[in-house]
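# Architecture and fold: a report
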Amino acid sequence: MQLELINKSTDKTKADILVSFMTKEDIEKNKEAKLLSQAGFKAEQDTLCFLHEKALLACGIEKLDAASIRSAAAAAVKALKSSNYTSAKTQLSDMRFVNALVEGFVLGGYDFNFYRSEPKKVALETIFLACEGANFAEFEAAFNEAMVVAQATCFTRDIVNKAPQEINPETLALLAKKLAFENSLECTILDEEGLKKENMNAMLAVGRASVHQSQLIHLSYKPANPKKIITLVGKGLTYDSGGLSLKAPTSMVTMKMDKAGACGVLGMIKAASELKLDIEVHVFIGAVENMVGGNAYKPDDVLVSRSKTTIEVRNTDAEGRLVLADVLDYAQEKVQADYIFDFATLTGACMVALGQYTTGVMGHSNALKHRFFDAANSSGELVGSLPFNNHLKKLLKSEIADISNVSSKPYGGAITAGLFLDKFIKEENKEKWLHFDIAGSAYTEAAWDCNVYGATGAGVRLMCSFMQNID
Ligand code: BES
Ligand code: ZN
Ligand code: ZN
């Protein structure tokens, strides 16, 4: 399915059906008001009404704002994809809704067909956004940018959705290399020999029982005169079985998504380079598989991390923070960035705290957090702040090492995980760093907003919005 912007009025645009977004108040103004009300259409959010004889699809919106349009567009594209229509059109006359329409149609219409012996049959070929007017060029620029971001989100979704027999640390590194080649990015990869030379013992311990070698992936996008330098760190657990602290069978299913942070930062750098942003972007990924085996790392092990901080392992399922500890340390030494952001499906506790739709943001700078609340508002992603405090920090104390990898108490698990990472952030970088826990928001087993079953691409739209607004 293609989305096309055209410089024509809706009347002059040839298509099988017109998609029209309307609030309850709009129904009576519509020339099909009678038929719509006869059909029982009340314009409730995400409800649809096909008037086939009038070639009209009415889509209910609660109010005329971007969030409502994004969600309704997603509902509309799903219905159109299971209809026999080959083309549809809708009117675009407000700059505020360019992103929402693109996201709703592209992300709501996303399908993952990689493992189907026969891809789903879809008649729908094109949705036209009819946009006539003197300022068409402005719309076109906004449309093209929104398409880059939406396609980067789909790129992220595709990798997360792939099965763990397909994506392991080695194949993820190959995929990153391919992206680097296609988008002219610099690329450095360390395999286990390289990780040993760097003393990345915490990361190495997590991957020890896997048949695949752990990989550290570093990609960079370096425009000529960057306004700022951003480091993006991603948790790339291509599978998280829990290790010897083995997950229960039902909790293990979906753990292919434990690489969503890594796939997210790949989508972000892809978008930054395609948007040709004036920002230098560095991506660092710890690609590791957490497995069981005779050589697996164990609860009771004490690891000497790259920063020399010693870590008592009390639960091998709290592995993401061990990988990130070493990758964050490495990233801070390699690049003096203005901002450091890490993305990780880090804790089930984040979902308990904020619900499964919201990304948890943690860090020391309230000002920086606020910039992400703005980015969340304009991108349509949901972000909530989880505040640090020293009482929770004390719960990470270990009797035998510098820090324990799990908290001694069962509450506030997302925050204690964030505080564990904080231990590896250098003093001069404290205000530059934010941690994003995407455990809930990265993957869904039921469609919501413009997300469909599977990976959502969480973080990509959010970070693109942040980067596009840097001045
Ligand atoms: N990858 C998981 C976190 C997770 C859970 C992501 C559910 C998405 C959905 C992480 O490695 C983990 O297992 N965390 C443990 C931490 C605990 C042992 C302190 C958790 O959340 O239970
Ligand atoms: Zn785990
Ligand atoms: Zn994990």
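To be clear, the structure that these remarks concern was listed above.
Now for a description of the structure that goes with this document. Bear in mind that the values here come from a model prediction, so they are computed numbers and not experimental data.

Take the site of ligand 1 next. Near ligand 1 you find 17 residues, and of these Lys247, Asp258, Asp317, Glu319 and Gly348 are the closest. At 2.9 Å from an oxygen atom of ligand 1 is found a side-chain nitrogen or oxygen belonging to aspartate 240. Take aspartate 317: an N or O atom from its side chain is 2.8 Å from an oxygen atom of ligand 1. A total of 510 Å² of accessible area belongs to ligand 1 in isolation, and the protein chains cover 78% of it. For the shell around ligand 1, the secondary-structure elements that each account for two or more residues are β9 (228-240) and α12 (348-354). Taken together, the residues that form the shell around ligand 1 break down as six nonpolar, four polar and seven charged.

With that settled, the discussion passes to the sheet that holds strand β8 (residues 215-221). Ordered by their spatial adjacency, eight strands build an open sheet running β7-β8-β10-β9-β13-β17-β14-β15, and the pairing between neighbours is mixed. The open sheet has two edge strands with one neighbour each: β7 (186-190) and β15 (383-385). Pairs of neighbouring strands in the sheet enclose a mean axial angle of 20 degrees, with direction left out of account. Where β7 lies against β8, five bridges are found, and the strand directions are antiparallel. The residue bridging glutamate 186 from the neighbouring strand is serine 220, located in β8. Along the sheet, helix α15 (residues 413-422) contacts β13 (339-344), β14 (359-363) and β17 (433-437); its crossing angle with β17, the most-contacted strand, is approximately 145 degrees.

Next up on the list: the sheet that holds strand β3 (residues 48-51). Pairing is mixed in the open sheet, where six strands are placed in the order β1-β6-β5-β2-β4-β3. Either end of the sheet is taken by a strand with one partner, and the two such strands are β1 (2-6) and β3. Pairwise comparison of adjacent strand axes, ignoring direction, gives a mean angle of 25 degrees for this sheet. Sheet topology note: the strand β2 (residues 17-22)/strand β5 (residues 87-91) ladder contains three bridges and is parallel.

This part takes up the coordination of the zinc ion (ligand 3). Protein-derived coordination of the zinc ion (ligand 3) comes from Lys235 (NZ), Asp240 (OD), Asp258 (OD) and Glu319 (OE), at a distance range of 1.9 to 2.4 Å. Each of the six donor atoms around the zinc ion (ligand 3) contributes to a set of angles spanning 77 to 173 degrees, which defines the coordination as octahedral. In primary sequence terms, the donor set of the zinc ion (ligand 3) follows K-x4-D-x17-D-x60-E. Between the two metal centres, the zinc ion (ligand 3) and the zinc ion (ligand 2), the spacing is 3.2 Å, with aspartate 240 acting as a shared donor.

What counts, and where the lines are drawn
- Residues numbered from 1 in each chain as written.
- Chains lettered and ligands numbered in written order.
- Predicted model: local features only at pLDDT ≥ 70, side-chain atom pairs only at ≥ 80, totals over all residues.
- Heavy atoms only, no water.
- Near = heavy atom within 4 Å.
- Polar contact = N/O pair within 3.5 Å; in protein donor to acceptor, adjacent residues only side chain to side chain.
- Areas by Shrake-Rupley, 256 points an atom, 1.4 Å probe, with all protein chains shown as cover.
- Helix = DSSP H or I, 4+ residues; strand = E, 2+ residues; numbered from the N terminus.
- Nonpolar A, V, L, I, M, F, W, Y, C, P; charged D, E, K, R; others polar.
- Pairing = 2+ DSSP bridges.
- Axes fitted to C-alpha atoms, helices over the stretch in contact; angles between N-to-C directions.
- Contact = heavy atoms within 4.5 Å.
- Donors = N, O, S within 2.8 Å, 3.2 Å for Na, K, Ca; no water.
- Tetrahedral: all angles 85-135°; square planar, octahedral: opposite > 155°, others 65-115°.

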